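Fold and geometry: a report
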Amino acid sequence: MAILDTPENVTASTETSTSTATPGISQSSSDLNLSLRRRRSSSNSAGAAAELSSKIDQLESDVGGDMMMDPEPMEESDALRSNGKGYGHDKDRVENRENRGRSDIKFTYRPSVPAHRVLKESPLSSDLIFKQSHAGLFNLCIVVLVAVNSRLIIENIMKYGWLIKTGFWFSSRSLRDWPLLMCCLTLPILSLAAYLVEKLAYRKYISEPIVVFFHVLITSAAVLYPVSVILSCESAVLSGVTLMLFACIVWLKLVSYAHTNYDMRALANSVDKGDTLPNTLNAVYSHDVSFKSLVYFMVAPTLCYQPSYPRTASIRKGWVVRQFVKLIIFTGFMGFIIEQYINPIVQNSQHPLKGDLLYAIERVLKLSVPNLYVWLCMFYCFFHLWLNILAELLRFGDREFYKDWWNARTVDEYWRMWNMPVHKWMVRHIYFPCLRHKVPKGIAIIIVFFVSAVFHELCIAVPCHMFKLWAFIGIMFQIPLVVITSYLQNKFRSSMVGNMIFWFIFCILGQPMCVLLYYHDLMNRKGSTESI
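Keep in mind the model is a prediction, meaning the values are calculated, not measured. For every chain, the first residue of the written sequence is number 1, and numbering continues from 1 along that sequence. Since the coordinates come from a predicted model, pLDDT governs what is reported: local features require at least 70, and pairs of side-chain atoms require 80 or more to be given and counted, while whole-chain, interface and lining totals use all residues. Excluded from the side-chain calculations are hydrogens and water; all other atoms, namely the structure's heavy atoms, are used.

1. Structural notes on the packing of helix α9 (residues 208–231) against helix α17 (residues 441–464)
- Relative orientation of the contacting elements α9 and α17 amounts to 25 degrees, with a least axis distance of 9 Å. As the angle between them shows, α9 and α17 are arranged roughly parallel. Taken together, the residues of α17 that come into contact with α9 (itself represented by V223, V227, I230 and L231) are F455, L458, V462 and P463.
- Under the scheme applied, nonpolar residues are Ala, Val, Leu, Ile, Met, Phe, Trp, Tyr, Cys and Pro; charged residues are Asp, Glu, Lys and Arg; polar residues are all the others, including Gly. Along the lines of polarity and charge, the residues of the contact of α9 with α17 split into 8 nonpolar, no polar and no charged. Here an angle of 0 to 180 degrees is reported between the N-to-C directions of two axes, which are lines fitted to C-alpha atoms, with helices fitted over the stretch in contact. We count a stretch as a helix when DSSP gives it H or I for four or more residues in a row; a strand needs E for two or more, and each element gets its number in order from the N terminus. By definition in this entry, angles of less than 35 degrees are roughly parallel, angles greater than 145 are roughly antiparallel, angles of 65 to 115 are roughly perpendicular, and the rest are oblique. Residue contacts are counted whenever heavy atoms from the two residues lie within 4.5 Å of one another.

Rendered as structure tokens:
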């Protein structure tokens, strides 16, 4: 049946083998012998080869579909006989399947059947490597990662002992940070002041320059007030970083609130003058100043203000509980890595710019792995767990807090994908306003990175009570890296090359170096070797 020459014989043989039992098999064998004699007389027939290949594919499919999916037809037939239910029709169906299976097995993978019929590449070849599923290799990497890190944990505990102190989360020293807590609780009052300014502007009680002046005062106070509180007291570095991050979030939200309302007033004035607006602007919302929308915006997981947001239908309470459990687990894991790994490494290191070069490289490489773990845990805890928990509790619908930045091929792609709330704020309130004011694209990019560098420096330098500008220089150094990685990506035309360069810069040259620089400068400022 598998090597007939003509479609007529193939059809006849197929119908015979599927509709009859033993007589059909005999007839099929006769047709096979006849076809073999014909094949000897016309062995160079191209039509026969094509028909052979197609029939072999069909036969393998039939065997794989029927024989493999129903490996025990005899047991099924016996069960039907014993039950006595539907014996007639089911008996014929089972016998037909048995006979067809026997017939298929007779002609499948015979020595005369070609084993190689089409062009195929190896799974790991360059053409197929990214089209294959690598789930098994991923599982292998997870197993190896767990095994290697388990050994390192045991080795670390044997060498240093258990370094996590009882007062890691809270101690009597934390009570000294009460001014920072009071500052954090009073910062939201500035949003009320911004609302009053916008309400007066909406009713046209104050002119536009006065509105801008008041918003500059309010947003400046949102940054200068926490900075003055932190610098006026000797607080823990972690407490100062937390307050500065909160202050920067409040500043970004207040700027967005003021800028959005300013733009909405401008659009409203254009409509009053008879100008026609695009349909996208007409369909979104009308200009209004609502205290309820401001309160929701100040607690929502977004930095871009708008009077209304997409909302989900309900809150998944069980889902929220599971995310909270994950948040606690990963936060504890982060603290374990910091206390057990990072602190001993940085305490036993030298200043990377003042000591031996090879020793500095060894310390940076040794610090890169635990630092990467901490950074990934931080990202997962904040951008995935915490922001999604907050979004679920507030029924906030747009939860694209990050994209697949781990696949970034250039530094530019990384900065556009890893922190979507900040990226949307930068694009909405700095980058495109610069372009609309005829600022060149390159200058607009520099301005964006400059604003980011200033706030990175504030969040680190102020809690450490020193201004070395390492964070500022690190962020501004991203501009030439954007140009270099974009050039390499265009030159090699390979996503692997760009992604490997990104990970090398991210894991080796970036964060570990900054950690060592700030740690040693902080220790030099304190004049002791106590841990932070």
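2. Some remarks on the packing of helix α13 (residues 317–347) against helix α14 (residues 357–394)
- Two numbers describe how α13 lies on α14: the axes approach to 9 Å, and their chain directions differ by 160 degrees. With respect to each other, α13 and α14 are oriented roughly antiparallel. Considering the relative orientation of α13 and α14, their crossing is left-handed.
- Looking at the contact of α13 with α14 residue by residue, the classes come out as 25 nonpolar, 4 polar and 4 charged. Definitions for this section: a left-handed crossing has its near helix turned counterclockwise from the far helix by less than a right angle. A right-handed crossing has that turn clockwise.

3. Some details on helix α12 (residues 291–299)
- Burial classes follow relative accessibility: with a 1.4 Å probe on protein chains only, a residue under 20% of its type's maximum area counts as buried, one over 50% as exposed, and anything between as partly exposed. The set of residues buried in α12 consists of S293, L294, Y296, F297 and M298.
- As used in this structure description, the phrase polar contact means that two N or O atoms lie within 3.5 Å; if the pair is within protein, one of them must be able to donate a hydrogen and the other to accept it, and residues adjacent in sequence are counted only when both atoms belong to side chains. The backbone nitrogen of K292 lies 3.4 Å from a side-chain oxygen of the residue at the head of α12, namely S290.

4. Structural notes on the UniProt feature "active site" (unreviewed entry) in the protein chain
- UniProt positions are given in the numbering used here, feature names are shortened, and annotations may be inferred rather than shown by experiment. When the UniProt feature table is mapped onto this chain numbering, "active site" (unreviewed entry) sits at H456.
- Summarising the element assignment, H456 is placed in helix α17.
- Once residues lying within four places of it in the same chain are set aside, the contact partners of H456 are A471 and I475.

5. Side note on the nonpolar core
- One finds W251, Y257, W405, Y414 and W425 to be the most contacted residues of the largest nonpolar core, which totals 65 residues.
- Ranked by the residues each element gives to this core, the list is headed by helix α10 (residues 237–272), at 10 residues.
- Aside from chain neighbours lying at most four places away, what touches W405 is W375, L376, F379, Y414, M417, W418, F502 and W503.
- I342, V364, C377 and L385 belong to the second largest nonpolar core, which has 19 residues in total. As used here, the term nonpolar core means buried Ala, Val, Leu, Ile, Met, Phe, Trp, Tyr and Cys residues forming a set that is joined through side-chain atoms within 4.5 Å.

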